[in-house]
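Listed here are the chains, written in short residue letters.
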Amino acid sequence: MIINERESEFVIIEQHNHAVLSGDLFSYLQEEFFTGKELKQDILFATQYHDCAWIGLDAAPLWDDKKNSPYSFINLPSSLKLPHYRYGIDWIEQRNKYAALLCSRHYSSFFSNSKSEDEIKYLQYEKTRQKRLCLELGIAIEDSNIHLEILKFLDNLSIYICINEPGVPKSDEFPWYQNGFEGTELFSVEKSDRIVAYWLNEGYIGLTPFPFTRAFEVTMPTKIVGKCDIKEKGIIEAYKDVPAVFRTFKIGPMGSTS
C-alpha cells in the first residue's frame, strides 16, 4: 500500500492500482524514446502488472504498532514481501515472459546492496530466472535495459502522484523525487537532463522535460480511512468499510495548467 498520513486519517492507495496507473502513463509515452516497438504490448503488460504481487497483501492491511499506522510498501517486512514478490513474477511469467524478465529485474534492483540472507537468496533466485528467460527469449539481458528504465520511470512517476498531497510545494514533497527521477536522462534531447515533476496546483502535475505525446488526465481510486474508525473497528474492517473515491489529475508540460 501507498500511504499518506494526515492528522486524523490515512490516504491509502493499493499497489496494484498504482501499477495500473503506470500502464496508463505508458500509453502516452513518446515511442521515439525506446527501441523494440514490437515489444510494446509486453512492456505495457509489465507496467500494468508489475505490482500484482501486492493484490493479496493489500486486501487485508496490516498494522505497524511501532509507527502506529498501517504498513506501507516501504516498511512492510521482507519476510512478508519476498514470497509474494516471487509469486507475482511467477504469475506474470505464465502470461508474458518478456514482462516477467522486466519485472524480475525491477524487483531485483531493490536488493542489489542487501546484506539480508533472505533478500540475497531471493536475488539469487531471480538472477537465475533472468538467465533462463533470456535463453528462452533468445536475447541478451542488456537488450532489455531501455525497457527496464521505462518501467522504473513510470513506476516512480506513479508513486510520485500517489504519495504526495496534491498541490504540495516542491520543498515539501516526498523526498525520493525532489531532484527528479533517476535514470530518465534518456528522455531528454541531450540525454543529460532528468525529468522533474512539480505539483503546479491540486489538479495539475507539470513535467520538464515532457516525455509524453500530449497532456492527459489520469484517475486514481483512493481510500481515506479515519483514525477513529481504525481505533474502533481495527484496520482491516475500517479499510473494508470505507468506499473508494476517485481522484483525477492532469499531467502536462510546465508552463500550462489547463
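As a convention, each chain's residues are numbered from 1 in the sequence order in which they are written. Confidence filtering applies because this is a predicted model: local features only for residues at pLDDT of at least 70, side-chain atom pairs given and counted only at 80 or more, and all residues used for totals across whole chains, interfaces and linings. Water and hydrogen atoms play no part in the side-chain values, which are based on all heavy atoms of the structure.

What counts as a helix is a DSSP run of H or I of at least four residues, what counts as a strand is a run of E of at least two, and both are numbered from the N terminus. Assigned secondary structure in the protein consists of nine helices and eight strands. Put simply, the radius of gyration uses C-alpha atoms, and a globule should come to 2.2 Å times the residue count raised to 0.38. The C-alpha atoms of the protein give 19 Å as radius of gyration, which agrees with the globular expectation for 258 residues (18 Å, within 12%). Across its three principal directions, the C-alpha atoms of the protein cover 55 × 45 × 30 Å. Within the protein, buried positions represent 49% of all 258 residues. What makes two residues a contact is simply this: any of their non-hydrogen atoms within 4.5 Å. Long-range pairs, those at least 24 residues apart, make up 72% of the contacts in the protein with a sequence separation of at least 6. Reported accessibility uses the Shrake-Rupley method at a 1.4 Å probe radius. Residues are deemed covered only where the shown protein chains occlude them. Summing over all exposed atoms, the protein offers an accessible surface of approximately 12,500 Å²; the carbon and sulfur share of this is 50%. Positive charges are assigned to Lys and Arg, negative charges to Asp and Glu, while His and the chain termini are left out of the count. Every charge is mapped to an atom, namely NZ of Lys, CZ of Arg, CG of Asp or CD of Glu. Charge separation in the protein, taken as the distance between the mean sites of 28 positive and 37 negative side-chain charges, equals 3 Å. Only protein chains enter the area calculation, which uses a 1.4 Å probe; residues under 20% of their type maximum are buried, those over 50% are exposed, and those in between are partly exposed.

So, about the pairing of strand 1 (residues 2–5). Only strands joined by at least two bridges in the DSSP assignment are considered to pair. For strand 1 and strand 2 (residues 9–13), the ladder comprises four bridges, and the chain directions are antiparallel. Within strand 2, the residue paired with Ile2 across the bridge is Ile13. Joining the antiparallel neighbours strand 1 and strand 2 is a turn of three residues.

Before going further, it helps to spend a moment on the packing of aromatic side chains. Remark: the centre distance and the inter-plane angle together describe each pair of aromatic rings, the angle taken between the planes. Only the six-membered ring of Trp is used, alongside the rings of Phe and Tyr, when aromatic pairs are assigned; centres must lie within 6.5 Å, and planes under 30 degrees apart are stacked while those over 60 apart are edge-to-face, with the rest tilted. Within this structure, the stated rule accounts for 25 aromatic pairs. When the ring of Phe10 is compared with that of Trp63, the centres are 6.1 Å apart and the planes differ by 85°; the resulting orientation is edge-to-face. Taken together, the residues Phe10 in strand 2 and Trp63 in strand 3 (residues 63–64) connect sequence positions 53 residues apart. Under the relative-accessibility criterion, Trp63 is labelled partly exposed at 27%. Ring geometry for Phe45 against Trp91: centres 6.3 Å apart, planes inclined by 15°, an arrangement best described as stacked. Of the two residues, Phe45 is situated in helix 2 (residues 40–49) and Trp91 in helix 4 (residues 78–93); the sequence distance between them amounts to 46 residues. When the ring centre of Tyr125 is taken as origin, the NZ or CZ atom of Arg86, which lies over that ring, is 3.6 Å away. For a Lys NZ or an Arg CZ to count as sitting over a ring, it must be within 6 Å of the ring centre and within 35 degrees of the ring normal.

Criterion for a salt bridge: a side-chain nitrogen of Lys or Arg within 4 Å of a carboxyl oxygen of Asp or Glu. Under the definition given, this model contains 14 salt bridges. A salt bridge links Arg132 to Glu93, with the shortest nitrogen-to-oxygen separation between them at 2.6 Å. Placement of Arg132 in helix 6 (residues 117–137) and of Glu93 in helix 4 is noted, with a sequence separation of 39 residues between them. The class for Glu93 is buried, based on a relative accessible area of 15%. A salt bridge links Glu136 to Lys97, with the nearest nitrogen and oxygen atoms 3.0 Å apart. Of the two residues, Glu136 is situated in helix 6 and Lys97 in helix 5 (residues 97–108); the sequence distance between them amounts to 39 residues. Taking the relative accessible area as the measure of exposure, Lys97 reaches 36% and is therefore partly exposed. Connected through salt bridges with shared partners, the residues Asp90, Glu93, Lys97, Glu126, Arg129, Arg132 and Glu136 form a single ionic network.

It is worth spelling out the side chain of His106 at this point. Following the sequence through the fold, His106 ends up in helix 5. Under the relative-accessibility criterion, His106 is labelled buried at 3%. Looking at His106, its side chain comes within polar contact range of the side chain of Asp155, at 3.0 Å. By the criterion applied in these results, polar contacts are pairs of N or O atoms within 3.5 Å in which, for protein atoms, one can donate a hydrogen and the other can accept it, and in which residues neighboring in sequence qualify only through two side-chain atoms.

By definition, pLDDT measures how confident the predictor is in each residue, and it falls between 0 and 100. Residue-level pLDDT values for the protein average 94, and 98% of them are 70 or greater. Mean pLDDT values over the elements of the protein span from 92, in helix 3 (residues 54–59), up to 98, in helix 5.

What follows deals with the packing of helix 5 against helix 7 (residues 145–163). How two helices sit against one another is set out by the angle between their axes and by the gap between those axes. Two numbers describe how helix 5 lies on helix 7: the axes approach to 10 Å, and their chain directions differ by 65°. As for how helix 5 packs across helix 7, the hand of that crossing is right-handed. Side by side, helix 5 and helix 7 meet where Tyr98, Leu102, Cys103, Arg105 and His106 of the first sit next to Asn145, His147, Leu148, Leu151, Lys152 and Asp155 of the second. Looking at the contact of helix 5 with helix 7, its residues break down into five nonpolar, three polar and three charged. Under this scheme, a helix contributes an axis fitted over its contacting stretch, all axes are lines through C-alpha atoms, and angles between N-to-C directions fall in the 0 to 180 degree range. A crossing counts as left-handed when the near helix is turned anticlockwise from the far one by less than a right angle, and as right-handed when that turn is clockwise. Amino acids are sorted into nonpolar (Ala, Val, Leu, Ile, Met, Phe, Trp, Tyr, Cys and Pro), charged (Asp, Glu, Lys and Arg) and polar (every other residue, Gly among them).

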